[in-house]
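Analysis of the macromolecular model
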Amino acid sequence: MRHGRDEAFTAFMAARYPSILRTARLLTGGGPQAEDLAQEALLRSYRAWHRIGRLEAAEAYTRTTMVRLLVKDRRRKWHAEIPAEQMPEVALAGHEDRTATGVAVRKVLRLLPPAQRAVLVLRYYHQLSEEEIAGVLGCSRGTVKSRAARALTALREEGVLAAVSFDCDRS
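Below is a summary of the structure that appears in this document.

Cut-off values and rules
- Residues numbered from 1 in each chain as written.
- Predicted model: local features only at pLDDT ≥ 70, side-chain atom pairs only at ≥ 80, totals over all residues.
- Heavy atoms only, no water.
- Phe/Tyr/Trp six-rings, centres within 6.5 Å; stacked < 30°, edge-to-face > 60°.
- Helix = DSSP H or I, 4+ residues; strand = E, 2+ residues; numbered from the N terminus.
- Buried < 20%, exposed > 50% of the residue type's maximum accessible area, 1.4 Å probe, protein only.
- Core = buried A, V, L, I, M, F, W, Y, C linked by side-chain atoms within 4.5 Å.
- Contact = heavy atoms within 4.5 Å.
- Salt bridge = Lys/Arg side-chain N within 4 Å of Asp/Glu carboxyl O.
- Polar contact = N/O pair within 3.5 Å; in protein donor to acceptor, adjacent residues only side chain to side chain.
- Axes fitted to C-alpha atoms, helices over the stretch in contact; angles between N-to-C directions.
- Parallel < 35°, antiparallel > 145°, perpendicular 65-115°, else oblique.
- Nonpolar A, V, L, I, M, F, W, Y, C, P; charged D, E, K, R; others polar.

Per the counting criterion, the structure on display carries four aromatic pairs. Relative to F12, the ring of F9 has its centre 5.9 Å away and its plane inclined at 55°; by these criteria the two rings are tilted. Taken together, the residues span about one helical turn, with F9 and F12 both in helix 1 (residues 2-28) at a distance of three residues. For the residue pair F9 and F12, the accessibility class agrees, reading buried in each case. Geometrically, the ring pair formed by F9 and Y46 is edge-to-face, given 5.1 Å between the ring centres and 70° between the ring planes. With a gap of 37 residues between them, F9 in helix 1 and Y46 in helix 2 (residues 32-47) connect regions that are remote in the sequence. Each member of the pair, F9 together with Y46, is buried.

This part covers the nonpolar core. Grouped together as the largest cluster of nonpolar side chains are 41 residues, with contacts concentrated most on L27, M66 and V67. Of all the elements in the fold, those that place two or more residues in this core are helix 1, helix 2, helix 3 (49-52), helix 4 (55-72), helix 6 (114-125), helix 7 (130-137) and helix 8 (141-157). If we skip the residues at most four places from it in the chain, M66 touches I20, T23, A24, L27, L37, A38 and A41.

The subject of this paragraph is the pattern of salt bridges. Counted by the stated rule, this structure contains four salt bridges. Ionic pairing is found between R16 and E59, a salt bridge with its closest N-O pair at 2.6 Å. Residue R16 is found in helix 1, and its partner E59 is found in helix 4; the two are separated by 43 residues along the sequence. On the basis of relative accessibility, which here comes to 31%, the residue R16 falls in the partly exposed class. Between R141 and E130 there is a salt bridge, and its shortest N-O distance comes to 2.8 Å. You can see R141 sitting in helix 8 and its partner E130 sitting in helix 7, a full 11 residues away along the chain.

Quick look at the environment of Y125 now. Tracing the backbone shows Y125 in helix 6. Y125 sits 102 residues away from T23 along the chain, and the two C-alpha atoms are 8.1 Å apart. The contacts of Y125, once residues within four sequence positions are left out, are R22, T23, L26 and L120. Within the structure, the side chain of Y125 is placed 2.9 Å from the side chain of R22, a separation counted as a polar contact.

Let us look at unusual backbone geometry. A positive phi angle, close to 60°, is found at Q127, a residue other than glycine. Structurally, the position occupied by Q127 is in the loop between helix 6 and helix 7.

In this section: the side chain of Q116. Here Q116 lies in helix 6. The exposure class of Q116 is buried, given its relative accessible area of 13%. Sequence-distant contacts of Q116, defined by excluding residues within four places in its chain, comprise R147, R150 and A151.

Taken N-terminus to C-terminus, the directions of helix 4 and helix 7 make an angle of 60°; their axes are 9 Å apart at the nearest point. If you check the angle between helix 4 and helix 7, you find them oblique. Touching T64, V67, R68 and V71 of helix 4 are G135, V136 and L137, all from helix 7. Residues that form the contact of helix 4 with helix 7 fall into these classes: four nonpolar, two polar and one charged.

Spatial relationships are all this shows, so hold off on functional conclusions.
Shown next as structure tokens:
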């Protein structure tokens, strides 16, 4: 039984780890905190593999776990190593614009508190509805809407969304 679980989890990791890590980077702003968050969520997913049931549900379960860990532990600190002040982005030739965009998005998201950041990542990166986000965060749809509105207002006040318009009521 465990052997089958290990194979299924290994297949899941091989297929979805880059996506999970991208989500963790968006949620945390990058760096070692993103890797810690992704690894902790994956560890919890592995432990719950017998309850997840379907391979298709594994990424949603892991993403939900990451968001809950982030929101629950707002003071997540890195104590194991002292990270470099500026980590270089590793990119393939021809992907400079994509890398620069990713760095810029993570920098902008770091301006927000974790709960607001989680709402924007789930809404605009993962394309979840307000109801789905409320389920992930364990809050009401109204809370999701107010967090999204506060986040977008804060980003507009910082001048990063001056030329961008978002539809907050999209479901």
